Amino acid sequence: MKRHCRKRILALCLFLALIVGEGAPERTAVAAAASAREGQAATPTEEPTTTPTENPTGVPTERPSATPTEEPTAAPTENPIGVPTERPSATPTESPTVTPEPTAPSPRYVLDNKGAKYYKGGQKGIRYHKVKGKKVYHITSYATDAVRLSMSHKSVFTVYGGGSKKEVRKKLVTVSGSGVVRCRKKSSDKGLYTVIQAESEVTGEKQFIYIFFRKKLSCANGSRIKLYEKHSEKLHFNYPVKNLAISVNNKKKARVDKKGRADALKKGSARVTVRVKGSENNQIRIKIIVREEPWIVSIKDRVYNYTEMTGDLYSLRKKYPGRTALSSLGKSWDDRNIWCLRIGSAGAPRKLVIDAAIHAREWKNTQLVMRQAEDMLRDYSEYRERFRQVCVYIIPMANPDGVSLAQYGAGAIRSEKLRKRCEKIGHFSVWKNNARGVNLNYNFPSGFSKKKKAKKPDHLSYPGKKKCSEKETKALMEFFRRTDPDAVLNIHSTGSILYWDFNVEGALHERLYNLAAKVNSFNGYRMMPKSGSTDAGGGLADWLVYGRGITSITVETGTVRCPLPHSQLASIYRKNNKMFRWFMAKY
């Protein structure tokens, strides 16, 4: 009986040893028996429910129940010598004790904003609570952009200093609990300065951040700019243009170049967005409204007289200062000015001339060349370099007294003596001469002759008592001597033809041909061969070619006899617009 009990005690001890010490070396049967003899029996916390069985050697064993009370344990197995063993469970009954790591010290209290600089001094603009003797973080921003301060510790933020105590009290700059600094005063004339204090809630340390808010972007031209087509305006910003990004949403209507010049292209509107580079919100929008430019010189006026022409000349001079100048070449017999409009620099080495209405009844050409002059001035900026080298003189009404007679009759003459002379002559609707009844285009010295011409003052062909007898003739000759132009276009009517083939040879003849051929390529007017019309006969063109050696051709506009009806003007203008533009801008 004692022997049987010993065996049972020995088996129980071995089983308990395997449960308590997982993974430990198995106790031998002898050690377990010795322990039992000394009375040191182990008492488990909870005994597993088992069913004792007899092994083949007579030593009882126990099998664990299918469902353990706590965590499942490995089922015991028998080894080859008959001693029961147990596999260790996959999950240990108790977790190993973890030794806590030492607590890391708090990181340094710093500002993490990218681009912030850290140094002493340099707090320009701070006159209230300037930080002294300490390093301060420096940040530059814009009045329109918020600054988010990123501190390494959770912090409390306050506005510490500013440009003045009054500024701080007025809260021109504010800071939120999360460190977002905003500038409430968005001035366009100057920037704003502030000092923010950040205090760590972890360590109690303090850091100071100096912020300079740059001024808000503005444009001195305003937010709405009205421009006429083909006109330009320089935009003036409170930032250098090189620091700005400029974009236009409708480049067909207007454009703005890198220098800030706005060009109006076509009727309509365009929105310009201007942004300071490096800023999120420092930007403005400008609306450019492009309108059709009203003409000073109207082609709708059926009668374009001396007074209207004079008013338009003054208006052109006022509207285009620096581009044009107005002068009088002299006075007519009835005390009217023989006006000359200059386009370009007076000191230009090359000079060109366009003259019209030396014959009174051809006054429609005055309206034509005046309109062309304005057309050129409107596009002057495109040819600015050209007009530094070339100057164009336009004499729109070489015979102002005769034009007034042709338009209004003898009543238009202010001098009583002249008026009585004209009343005797009559035929005012087809009048060609001046107020003294002299045809100015027969009064010049080259080929002057009284043969086959009227012997006394009339309305068509009287050449005068002698050459250069008329005030108008003398004024024109003095102008051409002083100017000595390279080429002259004499505008007459009628026939849509060109007189160019004078009795000259060599280089002058070639120049005459080349000019006439180019004019013909634009308006299609027929180039006339040599005839009596190009023989020297006291005409202005005769004197210019034969007497001065100047390239000068005569352009005869219109298709019917003079005076040309108003209905012809639009067609004449269309045919000759490009020709005049070429002569003034490219010849």
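Please refer to the structure higher up on the page.
The structure presented is a predicted model; accordingly, all values stated were derived computationally and were not measured.

What counts, and where the lines are drawn
- Residues numbered from 1 in each chain as written.
- Predicted model: local features only at pLDDT ≥ 70, side-chain atom pairs only at ≥ 80, totals over all residues.
- Heavy atoms only, no water.
- Helix = DSSP H or I, 4+ residues; strand = E, 2+ residues; numbered from the N terminus.
- Buried < 20%, exposed > 50% of the residue type's maximum accessible area, 1.4 Å probe, protein only.
- Contact = heavy atoms within 4.5 Å.
- Lys, Arg positive; Asp, Glu negative; His and termini not counted.
- Salt bridge = Lys/Arg side-chain N within 4 Å of Asp/Glu carboxyl O.
- Pairing = 2+ DSSP bridges.
- Axes fitted to C-alpha atoms, helices over the stretch in contact; angles between N-to-C directions.
- Parallel < 35°, antiparallel > 145°, perpendicular 65-115°, else oblique.
- Nonpolar A, V, L, I, M, F, W, Y, C, P; charged D, E, K, R; others polar.
- Core = buried A, V, L, I, M, F, W, Y, C linked by side-chain atoms within 4.5 Å.
- Phe/Tyr/Trp six-rings, centres within 6.5 Å; stacked < 30°, edge-to-face > 60°.
- Expected span 1.5 Å × (residues − 1).
- Polar contact = N/O pair within 3.5 Å; in protein donor to acceptor, adjacent residues only side chain to side chain.

Undergrad: A description of the overall build of the protein chain should follow, citing residues and the corresponding values.
TA: Tallying secondary structure elements over the protein chain gives 12 helices and 27 strands in all. Counting the 587 residues in the protein chain, one finds 46% classified as buried. Of the contacts made within the protein chain by residues no fewer than 6 positions apart, 68% connect residues no fewer than 24 positions apart.

Undergrad: A description of the side chain of Thr 534 should follow, citing residues and the corresponding values.
TA: Take Thr 534: it is sitting in the loop between β26 (526–528) and α11 (540–547). Among residues more than four places away in sequence, those in contact with Thr 534 are Tyr 499, Trp 500, Asp 501, Phe 502, Asp 542 and Tyr 546.

Undergrad: Run through the side chain of Asp 312, naming residues and quoting values.
TA: On the secondary structure map, Asp 312 appears in helix α4 (residues 306–319). No salt bridge is formed by the buried Asp 312; the nearest opposite charge belongs to Arg 371, separated by 8.6 Å. For Asp 312, the residues in contact, after removing those within four places along its chain, are Ile 296, Val 297, Tyr 304 and Met 370.

Undergrad: Residue-level account of the sheet that holds strand β18 (residues 268–276), with values.
TA: Strand order in the open sheet formed by 4 strands is β13-β19-β18-β15, and the pairing between neighbours is mixed. The outermost strands of the open sheet, each flanked by one partner alone, are β13 (224–228) and β15 (244–248). Each strand axis lies, on average, 25 degrees off the axis of its neighbour in the sheet, ignoring direction. Bridge analysis of β18 against strand β19 (residues 283–291) gives 8 bridges, and the strand direction is antiparallel. Each bridged residue has a counterpart across the sheet, and for Val 274 the counterpart in β19 is Ile 284.

Undergrad: Lay out the packing of α4 against helix α5 (residues 364–378) with the relevant residues and their values.
TA: Contact geometry for α4 and α5: axes closest at 12 Å, N-to-C directions at 10 degrees. The orientation of α4 relative to α5 falls into the category roughly parallel. Side by side, α4 and α5 meet where Met 309, Asp 312, Leu 313 and Leu 316 of the first sit next to Thr 366, Met 370, Glu 374 and Leu 377 of the second. Each residue belonging to the contact of α4 with α5 can be placed in one class, and the counts come to 5 nonpolar, 1 polar and 2 charged.

Undergrad: Summarise the nonpolar core; cite the residues concerned and give the values.
TA: With 68 residues, the main nonpolar core has Ile 354, Leu 489, Ile 553 and Phe 580 as its most contacted residues. Among the elements that take part in this core, helix α12 (residues 569–585) stands out by supplying 9 residues, more than any other. Residues contacting Ile 553, with those up to four places away along its chain left out, are Val 488, Leu 489, Asn 490, Tyr 499, Trp 500, Leu 512, Leu 515, Ala 516 and Val 519.

Undergrad: Describe the packing of aromatic side chains, with residues and values.
TA: All told, the structure shown has 17 aromatic pairs when counted by the stated rule. For the pair Tyr 118 and Tyr 137, a centre-to-centre distance of 4.2 Å together with 25 degrees between the ring planes defines the contact as stacked. Within this pair, whereas Tyr 118 is found in strand β5 (residues 117–120), its partner Tyr 137 is found in strand β6 (residues 135–142), the two being separated by 19 residues in sequence. Overall, the relative accessible area of 33% leaves Tyr 118 in the partly exposed class. An angle of 80 degrees between the planes, with centres 5.7 Å apart, marks the rings of Phe 502 and Tyr 546 as edge-to-face. Note that Phe 502 is positioned in the loop between β25 (497–499) and α10 (506–523) and Tyr 546 in helix α11, a separation of 44 residues in sequence. Overall, Phe 502 belongs to the buried group, its relative accessible area being 2%. Since its relative accessible area comes to 28%, Tyr 546 is described here as partly exposed.

Undergrad: Which residues make up the pairing of β18, and what are the values?
TA: Note: β15 against β18, 5 bridges, orientation antiparallel. The residue of β18 that forms the bridge with Ser 247 is Thr 273. Linkage of β18 to β19, two consecutive antiparallel strands, is achieved through a turn of 6 residues, within which Gly 278 is found at a positive phi near 90 degrees.

Undergrad: Outline α4, supporting the account with residue identities and numerical values.
TA: Between its first and last C-alpha, α4 extends 20 Å over 14 residues, near the 20 Å set by a 1.5 Å rise per residue. Tucked inside the fold, the buried residues of α4 contact β20 (324–331), β21 (337–343), α5 and α7 (400–408). For α4, the capping residue at the N-terminal end is Asn 305, with a side-chain oxygen 3.1 Å from the backbone nitrogen of Thr 307.

On their own, these measurements won't tell you what the molecule is for.
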